[in-house]
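# A look at the structure
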Amino acid sequence: MSKSYNFTHAICRKPALSIIDGLRAIDTGTPDLDVFSSHHEDYIAALKSTGAQVHVLEALEDYPDSVFVEDAALCLPELAIVMRPGAPTRLGEANEMAPNLQKLYGVVRKIEGPGFIEGGDILVTEREILVGKSARTNSDGVAELKSIVADYGLQVREVETPPDVLHFKTDCSLLDEETILSTRRLAQSGCFEGYQVLYTEDGEEACANSIRFNDLLIMPAGFNKTADMLDRAGYNICQIGNSEAAKLDGGMSCLSLRFTPS
Ligand code: CIR
């Protein structure tokens, strides 16, 4: 069993009616809640199909982006850590997530600030925790995370998210113990030295945000060249519609917290 992609639990949150006001870098249209909800149900069914228990939280109307639960917490085998989102409209989502983690985890710690850090900037591999500084995650946030996880003997490595990329994991995912799926623009920084890297095909950078969840590799639908390459490499591909989340710069990792509680 690999702690970095074998999980017994996930947390998701239903999309709110207010999702139409969700943050986006470029306006490519308003997300359709019915379509979003249908994709979200498919996503939850895929997680459950691996045998995991999925906790589906009620929508939070006050937080348009709260369906993207990944940014509010970091779930490790040893403990859960409540994040401090750098987007002002998302700061309160972290406090809303805390009681749900407390029900499932023995240890829950919290980023108190002044720094900021969002879960989307954190890639947990078998050997380390990679954190990409971004417009949402700064050095103070990374330093606070580093000091919390040091109590558990865990290593954090600070790296950079490319300019104009929302989160570090917008451009990469873990495929297995040794292998990362990445865009070329992210990997060229050298941040994955020592790992095997498979690249998204040209023009399909948007599928770098996928998730390995137990035996599945869950990818956004519509990126067939990369899906074929990963299928040939032996991964068990499951494609989920992501047209509406993509309008808000969201992808497969953002929609869940994945963990095996201690
Ligand atoms: C945001 O800008 O915060 C949301 N519209 C999208 C968050 C996506 N989360 C993620 O990549 N972990």
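As a reminder, the structure under discussion sits directly above these lines.
Note that the coordinates shown come from a computational prediction; the quantities given were computed from them, not determined experimentally. (Residues numbered from 1 in each chain as written. Predicted model: local features only at pLDDT ≥ 70, side-chain atom pairs only at ≥ 80, totals over all residues. Heavy atoms only, no water.)

What follows covers helix α3 (residues 139–150). Spanning 12 residues, α3 covers 16 Å between terminal C-alpha atoms, matching the ideal 16 Å at 1.5 Å per step. Turning to α3, its buried residues are G141, V142, E144, L145, I148 and V149. One face of α3 carries all of its buried residues, which in axial projection span an arc of 160°. Summarising the contacts, the buried residues of α3 are in contact with β3 (73–75), β4 (80–82), β5 (108–110), β6 (122–124), β7 (129–133) and β8 (156–160). (Helix = DSSP H or I, 4+ residues; strand = E, 2+ residues; numbered from the N terminus. Expected span 1.5 Å × (residues − 1). Buried < 20%, exposed > 50% of the residue type's maximum accessible area, 1.4 Å probe, protein only. Arc of directions from axis to C-beta. Contact = heavy atoms within 4.5 Å.)

This part takes up the packing of aromatic side chains. Given two aromatic rings, their pairing is described by the distance between the two centres and the angle made by the two planes. Following the criterion strictly, the structure yields 4 aromatic pairs and no others. Considering the side-chain rings of F7 and F213, the 5.7 Å spacing of their centres and the 25° angle between planes classify their relative orientation as stacked. Of this pair, F7 sits in the segment before β1 (9–13) while F213 is found in strand β12 (residues 211–213), placing the two residues 206 residues apart along the sequence. Across the pair, exposure class does not vary: F7 and F213 are buried alike. Directly above the aromatic system of Y195 lies the positively charged group of R127, at a separation of 4.0 Å from the ring centroid. (Phe/Tyr/Trp six-rings, centres within 6.5 Å; stacked < 30°, edge-to-face > 60°. Lys NZ or Arg CZ within 6 Å of the ring centre and 35° of its normal.)

This brings us to the nonpolar core. Buried together is how nonpolar side chains tend to be arranged in soluble globular proteins. Y43, L47, F168, F192 and I218 are the most contacted members of the largest nonpolar core, which totals 38 residues. Of all the secondary structure elements, the ones that give two or more residues to this core are β1, α1 (33–49), β9 (172–174), α4 (184–187), β12, β13 (216–220) and β14 (237–240). In terms of residue count, α1 provides more of this core than any other element does, 6 residues in total. In this structure L47 touches A10, C12, A52, V54, I211, F213, I218 and S256, once residues within four positions along its chain are discounted. Grouped together as the second largest cluster of nonpolar side chains are 16 residues, I122, V131, I148 and L154 included. (Core = buried A, V, L, I, M, F, W, Y, C linked by side-chain atoms within 4.5 Å.)

Strand order across the open sheet formed by 3 strands is β6-β7-β8, with mixed pairing between neighbours. Looking at strand neighbours, the two that pair on one side only are β6 and β8, the edges of this open sheet. Across the sheet, the mean angle from the axis of one strand to that of its neighbour is 25°, orientation sign disregarded. Examined bridge by bridge, β6 and β7 share 3 bridges and lie antiparallel to one another. Residue pairing across strands places L123 opposite L130, the latter belonging to β7. (Pairing = 2+ DSSP bridges. Axes fitted to C-alpha atoms, helices over the stretch in contact; angles between N-to-C directions.)

This next bit is on the site of the ligand. Contacts to the ligand come from 13 residues, most closely from D65, D71, R90, R136 and L248. One of the side-chain N or O atoms of D65 is found 2.8 Å from a nitrogen atom in the ligand. Between the ligand and the protein, one listed contact pairs an oxygen atom with a side-chain N or O atom of H167 at 2.9 Å. Expressed as a share of its isolated accessible area of 340 Å², the protein-covered part of the ligand is 99%. (Near = heavy atom within 4 Å. Polar contact = N/O pair within 3.5 Å; in protein donor to acceptor, adjacent residues only side chain to side chain. Areas by Shrake-Rupley, 256 points an atom, 1.4 Å probe, with all protein chains shown as cover.)

Now for the sheet that holds strand β10 (residues 179–182). Taken in spatial order, the 3 strands make up an open sheet running β9-β10-β11, and their pairing is mixed. The two strands at the open ends of the sheet, each matched to only one other strand, are β9 and β11 (196–199). Ignoring strand direction, the axes of neighbouring strands in this sheet form an average angle of 25°. As defined by bridge partners, β10 adjoins β11 across 4 bridges and the pair is classed as parallel.

Let us now look at the pattern of salt bridges. Tallied over the full model, the rule gives 14 salt bridges. The salt bridge involving K14 is made with E58; its shortest N-O contact spans 3.3 Å. Remark: E58 occurs in the loop between β2 (53–57) and β3 and K14 occurs in the loop between β1 and α1; sequence separation between them is 44 residues. A relative accessible area of 54% means that E58 is categorised as exposed. Its salt-bridge partner being E128, residue R157 comes within 2.9 Å of it at the nearest N-O pair. (Salt bridge = Lys/Arg side-chain N within 4 Å of Asp/Glu carboxyl O.)

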